[in-house]
Structures are given as structure tokens and as C-alpha cells.
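# Notes for the structure review
Read off the chains here:
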Amino acid sequence: MLNRTANRLDELSRREILLSGARAFLGVSLLPLLGGGLAGSLAADEPRALAAGALPRRPTARNCIYLYMAGGMSHLDTFDPKPGADTAGPVTAISSNATGIQLSEYLPRLAKNANHLAVVRGMSSTQGAHEPGEYLMHTSFAQRGTIRHPAMGAWLGYFSGRTNPTLPMNITIGAGSRHPGAGYLESKFAPLPLGNAQSGLQHSARSPGVDQAQFDRRMGLVDSFNHGFEERYDQKQVRAYKDLYGEAVTLMGSKDLAAFDLGQEPEAMKTAYGDNEFGHGCLLARRLVENDVRFVEVRLGGWDTHDDNFDRVQTRAALLDQGLATLLQDLSARGLLEETLVVLATEFGRSPKINGNNGRDHYPKAFSCLLAGGGIKGGQVHGTTDATGANVAEQKVEIPDFNATIGYALGLPLDQVVISPVGRPFTLADKGKPLTNLF
Amino acid sequence: MSHPTLLAMPLAVLLGAVGIWSVNASSVPAPAPAPALGAHEQIASPLPAAEIANASHAIDQLVKADLDRHNLKAAPLAGDEIFLRRVYLDIMGRIPTYAEISAYSADHSSRKRQELVRTLLASEGHVSRQFDWFADLLRAQTRLSDRYAGQAYLDWLKQAIREDKPYDKMVSEMLRAEGPALEPGNGATGYYLRDAGMPLDNMANTVRVFLGTQLTCAQCHNHPNDKWTRQDFFAMAAFTNGTSVQAKLNIGKGNMQELRKLEKDGSADLKNVVRQLGQTLGLKVQNNDQTSIKLPADYQYPDAKPGAPLRPHVMFGAALPVPAKGDPRDVYAAWMTAPENPRFTLVIANRMWKEAMGIGLIEPVDHLMDDSVASNPELMDYLTRLMIGVKFDLRKFQEILYSTETYQRAATKEEPAAGEPWRYQAAVLHRMTAEQTWDSLLTLVVPDLDQQKGADAQAMIAFYQDNKDKGPDDLVAMVKDIAGFRGKGKELQQEFQELRAQLDKARADKAAPDVMKQLQEKMRALGEQRKGMEMEADPYKKFIKSIPKKKAAEGKGVGPLLRASELPSPAPGNHLLRTFGQSDREMIDNSTDSPAVTQALGLLNGFVDSDVLGKGSLLAEAMAKAPGAEEKARVLFLTILTRQPSAHELAVTSTEIGASKDGWANIAWCLLNSHEFLFVQ
């Protein structure tokens, strides 16, 4: 619909209408949906009363690299192997460098880095189809036709803001257009989507054939031309666009922009991460967090192995193994692992039963995810599944719990009620409880 | 025979005309009498100019009375240049072309503004603009519920706008939609395909979109700050409880089992073929005439038990008798779209007002409560009755709004204070929508822009019609055929890859050139064979591949040079449209005009240089033709900003243009990156 100045009025009046009712109903203060989110309002000289206990705790992680295994990663053939079980197929397990943790033979490099990993084996989801499963994993909420919930990167921006004033704070690499993004939060919290790691930040370099002198000349013309308009319409929305162009030009000339340029990495580094899209994505993620980009999501697809499961998982796992193992080593070597939470997530696992096409089908009842770095104690396993990997035997983790754990590490206020623009109260990980024992 | 015009008819007379609401018409708040309008025989189509003028004038009077009440003075009317740009953007969704500006300048009629409004509303460009508006409101996507082809729905929406289908009829067709989705003319089924498997959410959306009322909370509990109960919600949901989406290929259980067995034995991709055919030949909205719903298992209030059956019941107004048999949606749709439904008419009148004036009389437009008060209640009442008077003909309604002096006022220098009601003393400066931005840039690139069309559902509908009457045996044969061809295609693909590996090896081994050439030749032949086979023999692929029939001009790295309405809905995530805030069409009215740094980058270093200023664009051609620096400068100002340059601007810019070969491009680039381009005055 029309989005004019009016929409800001719209938001405000909407909020005002809601305010009294929501206060009475919830007994909480409302977070500002206008302006800069919580981070923005705290930065401004305008203290706002926050409900007691809502203040963020001290984070154990500043930034987050979120690796998403799209399609449903087979837990049995990766992080929860069941050697000897009928359901194991041809996969054997190997010991790792962490006592008592065995991984699938498909993950030899990660087995050597298991001292960094907290393997969460008791994951359980309520959604057995890809889209709703992926949505639930990203937002903690069931997918609905009436609302879009924010993903974790948007929450981080909303509550905590950016560290690098020039670069976007929330970036996805190869995530596709279905990503829930900012949900009902303001669009400025939405991730900047990069199609792939090698293409870098779209349009951040001058057009071919336009040299710096010509660009500067053009910008000079624009500035003098805009002057009259800015005087005639001394309005916030016009000033916002003036600032925007300033920011864009700063960004174009910024050395931070080099963060997007994989060409600056030595060949050996690229080889170590793997010369493939996922490897490039992990490498770019490291470059970005190094430059204080706070949330980076990298996607690796192809896990929907209804047929030919073992060959296909082996191929995918090889990419994951190389990319993630190198990422952990690299972050660790640079002293970044302590402040960077690395998450590995997927929508569901695969059925223990091997189907007629030597494949495994969707299996939300039990599966595995990982956490590493960012204050997480490495070399541990949380939760177990039974002998065939069909059921969670101990320490079941629902998806909101897993996301609450990410939020906990990032120091986000899990209990803070936020009112969506249409007046519905939410918390960032629904009612999830963080797995504090992992820290 | 002489009787009063509908516009002047008292509301009660109008109310009496419809059965459902006449039961309890007294519950409808009676609006204040409107200013008298001239008597005419009937509302003709198109509305006589005098009738338009009367209604526009009445609106202006109501605005003026409100301004007087608040000691405010109206801004003067905007000049022709500002008006022309604004009205093209608002009605056509793009800036006017050089030729359109010239035609308007040459028109010396005293009624040229009104005539322009009427012409634009009847144009194909308006279909695009209004489609964008509806697509955002209805979350209309090219893929519905992430699995069903939505093109027939999008086509249906465009056609409804094109033929000016009355809004109440449009809504009624959506709410009562049923039958095969690809039956010609049955695109309204897309309304239910959009929320397939989510009937409760669909009802919450319906109530919000058409009644401007938030019922979502009541899906799970009584509304915390409105009057709706959870039972109200389920009583509404009962109307559509028997409505569902089916996407099954009708081949019978036995056949299905046989196919499954085959699938297990061989590598043939039967399951996918069955699914794809089911989602085309079998795709339909089905209604089973169910007239009750069960309360959910977690129903928590003492007035009823969890799981108790509930009959359909409308959420406000007099109780509706719902026949025990037949589709309960008939009475529900009639209730919803009746002119006397106090919220249905008001909401669309207010939404249309907001589309024209930028700010609704009631804000937000979709959060109505019993005590919602319009900033100008008399005007709101008048517009509501006007909507009834024009019988929900949105084009007529818009013609009246865009012909008012209120619409034509100069823009205010001050930004309206947030949260304060706006009194419409002036136009409000606003950023172009994403669609207006993209479509306006395209007017500088592509000739005859509004007529350039993207994909439509024709080929898919033809496929459906060719095959819809096939019996189970024929369908099974078809499945096997297609799967067989795909299997063969896979084999060819494998062969192709082996050849490629051989070629790579030959290269590495530095084999003789003729060996490599031979391999390349074989690969080419295989590729041709595979392509030809798919096109010829796989009927499913054939129809998929034939969309769009005509290939649109491609930009450099931006995809087809087509208006937003002709691109996939929504556009891909990295498209300029999305950068500028086009809705992802996941939530109602989800487009945004928030600034983002990627917008500036996109205009500074992207499409403007590569396509707008590039060789072969309309602008580049116009520059090649325009004689002399001054004329070039004039053409640039007119085509980009819809105005003549000032003397000072002319001097500065023509010097720049004369100074170098790139001069005009520098100026064009500068104007396109200016606030004046992006903001509508």
C-alpha cells in the first residue's frame, strides 16, 4: 500500500491506540518500534524506563555466525552416529579429540576440532515440512499467514545495534528470499542479502567507466542541485536521504568495504575453507565478523536426501566438514572464537528407517544441532537419542530453547515483551529456556 | 421518469434495498446528511462530468469546513508541472514521458486536469499501478503458499481492474471462489490458495483486509483490548470451515499404488510427476457445504466446552440465518460485501482516500474499533455513502477524489506532526513507492512501457484444458510418459557429463585439436537432443517452458525490463524493487518507504549507469536527437523531473553538457540521484 509520511503517522497512532490496552494487559513497558529500536533509543539521550529485569545480561558473545543446513541434515550420518544399529547404513563412527564424543566418519576434520563443539543431540521440532520447519528454526514461532516473526539477526540489531557504523550489521549469504528477515520489526533490521560470497556487496563500487574524478564531479552537482530542495522541504524524510547518500559514499570509499572482498585472502586460505560456495561463505563470514558485522548467516543446501542418502550426505558433509573445521580453527587462531558464537542449525533430521531408494525421509522428532565459541564450553554433548536415533532419550531441546540459548549468549533480553505493530505481544524466542549448562 | 440520484439518496433508502442488513438496519449508525448534490437521472457509465464535479466539490466543501473549524488555511493549487507528475505517479504508477508532457502542455482546455484524470484511470498503466496496490494488500504472489502457481490469480486481479469490476463483486468472487484454479476466469480461487491449509489465518486476514478489523488475537484467546471473543472468531471461521484446497491427481488408489511400486523398483521420477500434475490438473478450491466448526481442544472459557460444535455466526450486525444445506459462504459473502455493512464500505472508502491523499481519515486503516473516530467524520460519512452511490466502482470513486481541489493542492513544506490528525490543507511530500521508482526509471529506457507484458497463465490454462477430461488410465499413461522422458533426459545428462570429463581430460593431456572438436561436437548434439525432447515430448515441461511466450527486453544484470506488475510477485530479493521496499507479499500492506543505504548504492552505481544512461535507452536516443546543449538540458529536466529548468539551472547544466561527451549523462545521473526525483511533491 502507499507508504508515505503517513505510514509513520500510521505506526505512531497504531502504537498509541495499543499503548493503554497493552500496558494494562501485559503490565510491561513497550519497546519503541519507532526510531532505532531499543539500541537506538538507548543511544539517544532519552532514557526509557525498562521493566525491571529486562536489562540485558552481560553477553558471552558479541557476534554470531549462523550456518544453516537447508533440507534437513541427517543426524544419524553426521553428529549422532549409531554404529552397529540396523538404521546406521554403511556409516561408521570415529572418535574425536573430545573425550566420549564420536562423530560420523564423514566428518574427520570436525572430529579433530570437537574440543570446540557443544553437540546438541536432543533437538526436536514440531514441523516436518521444509518451509514451516525452516521458519520455526529461524524464528521460534510456527509459520502463520497473518504475521512474520523476526529472525535472530534482526533481534540482535533491534536490541543491541551495530558496532561498525559503516557496514550493515546483519548479512545473509545465499539465504534466498524466504528468509524471515526482520519479520514485524522495522525493515532496517532486515539482513542484507548477498546472493553468494564472491559477488560481494552489490553496487558498492563505481560503475565501470566512471572514474573517481567523474564520480566526484557528479556528486558535487547532485549536492548543489539538492540544496534548493532541502531548503524548501526541511523535513526529516528528506534529511534521511541526504544522510543516506552521505553514508553510501562513505561506504564506497571505506576500507571496511574490503571486508566483502574475498580476493584479499591468500589462495591457501581459500583452499583451506574449500573452494566452493559454502567454503567461500564461511570465509566471508569470518572476514565480516572480523570487521564487526554482528550476524552472518551462511546456507548450505542439498540435505534433503530422500534417495541415495549416503552418497549425498557424504558429499554435503565433506563441504561442511572442511568449511566449519577451518572456520573454527581460523577464528580460534585470530582470537575471535571466544567472542563469536558459531551455530549450526537445520530444520529437522532424517528418518532412521532407510527407504526404498536408499534414502532417509524427513524426521523432526529427533535431530542434532551445534553450538561453538562465544562462551560455549567445547567438547560436550547435550542430550541423547535412543539406540536407533528415533527418539530423544534425555534432555530434549525444543527449538525455542535452542534459540533462547543463542539469545542468551548474545545477551539479549529473553523475557522482554515486544508489541508487534498490530498489537500482539511477543518475546524473542517464544517461551524458550536457554541451555545455560552449555556455558 | 425522474428520481433522485443515488448519490443524493438517503442512506436508509439504500439500506432498504438489501435483504440481509434490512433485518436490523437501525443498528447501522446513521451518518449526517451530506451536502445536497444535483439531481440526475441515474449514474451513467462513465459518470457524467457534472456529477463528478458535484461530488468533488462536496468533498472540497467538507474539507474546507474542517479547516475553518481548526483555523487552518488551504495551500494554493499546485502548478501544472507538479500536478502532472503527481497524478501520473498516483494513477499510472510512473512519471509521464516527454510525449505525454508535451500533449498536456498543448492542451488549453479549462478542464484539462479533470480530463487527464479520466484518461489515465482508463489506461493500461493504471492497471499496473492498482495491481501493485492490491498485490500488497492481498499478499498476492506468483507462487501461492510456496507451492501453487499463482499466475492465474494475478491475471484475474489485473483483469478485474482492467474491466473496472466493482469492488464488492470482486471481494464476493474471492470469498465464494471454488472449482479448478486453472478453469478460465476462475483465478479468484487464488484467494484461498494463498492461505492453503491455514483456514483460520485466512479468516483473520479476510477480516483485517475487508473489514479493517483485527481479529487475529481472538484466534487463541479473547481479544485483550477489543471486544472480540475467541468464540466470535470460530463462529466466523465456521463459514469457511468446509472450504479447502485440493491438489490431487485423480487416478484412483490402485493406480497410485502401482505407480509407487514402479517408483521403488526403478529410478523413474514418478512421484514428482504425479505431484506436478496434481498441482495443475487437480488444483482446486473445494467446498463441502459444511456448516459448523469444532471449538479447539484448548478452548478455555466457561461458555462452551472444548471441541463443541459451533454454527457460523457473523461477528457483528443482526444474526444471519444460515441455511442448513448448501455453501454457507453465500450468505457470508453477501453479508460482508453489503453496502450497509458499516465496516466494509468505510474501509474501502478510507483506503482509497489514503491512496490518493497519503493519509487516511482513520489511521491505521485496518485497526477499526467501535469508538474509532475519523479526523473529519462528516467527510468519512460522505465518502462512505459516495462509495455506495457509485456502486463500489473504484475507478469512478478515484475519478472523484483525483478531481478534487484537495488532491491538487501544493505540497506542504512542513512535515505533518506524527500522531496528529491531518486536515488536508496541503499535499504531503512523500517518497515514491518502490514500484513507482522502478517503473519511472523504466519510462526512460523502454518505449511503450505500459504495453510490455510479462508472464501470464495462458499456457498453463491451455495445458489444463487439453488434459482436464482425461480419465485415470490416460493420466497414468501420461505420468509414465513424462517420467520416462525425464529418465531418458537424465541418461543424456549423464552421458553429457561423461563427455565433459573426457574433454577436460583431453585438455589436460593436450590432446589433438580434432579429438577435442569431436568431443565438443558430440556434446552439442546431445544438448540439442535433450532440449528438443523436452520441448516436444514432455507436456508438463512444454507448458512451463513456454512462459513467457514473448521474451521481454533484458537489462544488464537486472532481468527483464518490465514494470513491477509484470515481474514475479514479489521481485527477487536483490532486485532494485526490493531494495526500495517492495513488499515481500508475506504480510498485509508490507511495503515500506524506509531509507536504506543499498538504495543509494543502487542508484549511484547500478541501473542508472548500466541501463538508463546506456546505449539504446530512450533517454540516450532522445539525447542523440536533441540539437544543442540547451535543448538537451530542457529535455532532461522534462523527462526526468517533469519540469522546465530555471534560467540558472539551464545555464549551469548546458555548460556541463557542452563541456564533454559525457556531459548529458552527468546531468541525467545527477537529476536521477536528486531528492526531487525520488520525492513526490
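Look above for the structure.
Residues numbered from 1 in each chain as written. Chains lettered and ligands numbered in written order. Predicted model: local features only at pLDDT ≥ 70, side-chain atom pairs only at ≥ 80, totals over all residues.

## As for the overall build of chain B
- Within chain B, the regular secondary structure consists of 32 helices and 9 strands.
- Within the span of chain B, comprising 681 residues, buried residues form 49% of the whole. (Helix = DSSP H or I, 4+ residues; strand = E, 2+ residues; numbered from the N terminus. Buried ≥ 20, exposed ≤ 12 C-beta atoms within 10 Å, placed from the backbone.)

## What about the pairing of strand 5 (residues 283-287) of chain B?
Residues and elements named next belong to chain B.
- By the criterion of burial, strand 5 is predominantly enclosed, with 4 of the 5 residues buried.
- Where strand 3 (residues 179-180) meets strand 5, 2 bridges bridge the pair, whose relative direction is antiparallel. In the strand pairing of strand 5, proline 180 is matched with lysine 284.
- Bridge analysis of strand 4 (residues 243-247) against strand 5 gives 5 bridges, and the strand direction is antiparallel. Paired with serine 244 across the two strands is glutamine 286, which belongs to strand 5. (Pairing = 2+ DSSP bridges.)

## Describing the interface of chain B and chain A
- Each partner contributes residues to the interface: chain B has 67 residues there, and chain A has 63 residues.
- Residue assignment for the side of chain B that touches chain A shows that the elements contributing at least two residues are helix 7 (124-138), helix 11 (199-211), helix 16 (342-357), strand 8 (430-431), helix 26 (597-605), helix 27 (607-612), helix 31 (663-672) and helix 32 (675-678) of chain B.
- No other element matches helix 26 of chain B, which puts 8 residues into the side of chain B that touches chain A.
- Residue classes in the side of chain B that touches chain A are distributed as 24 nonpolar, 26 polar and 17 charged. (Contact = placed C-beta atoms within 7 Å. Nonpolar A, V, L, I, M, F, W, Y, C, P; charged D, E, K, R; others polar.)

## Considering the sheet that holds strand 4 of chain B
- Read across the sheet, 3 strands follow the order 3-5-4 (chain B) without closing on themselves; strand pairing throughout is antiparallel. The outermost strands of the open sheet, each flanked by one partner alone, are strand 3 and strand 4 of chain B.

## A short note on the nonpolar core
- A:Leu67, A:Val296, A:Leu341, A:Val343, A:Leu370, B:Val479 and B:Ala668 are the most contacted members of the largest nonpolar core, which has 291 residues in total.
- Look past the residues within four positions of A:Leu341 in its chain and what remains in contact with it is A:Ala61, A:Cys64, A:Leu371, A:Gly373, A:Gly374, A:Ile376, A:Ile406, A:Ala409 and A:Leu410. (Core = buried A, V, L, I, M, F, W, Y, C linked by C-beta atoms within 7 Å.)

## Focus on helix 6 (residues 212-232) of chain A
- With 21 residues, helix 6 of chain A should cover 30 Å at 1.5 Å per step; its first-to-last C-alpha distance of 31 Å lies within 8% of that length.
- For helix 6 of chain A, the secondary structure elements touched by its buried residues are helix 31 of chain B. (Expected span 1.5 Å × (residues − 1).)

That's the geometry; what it means functionally is another story.
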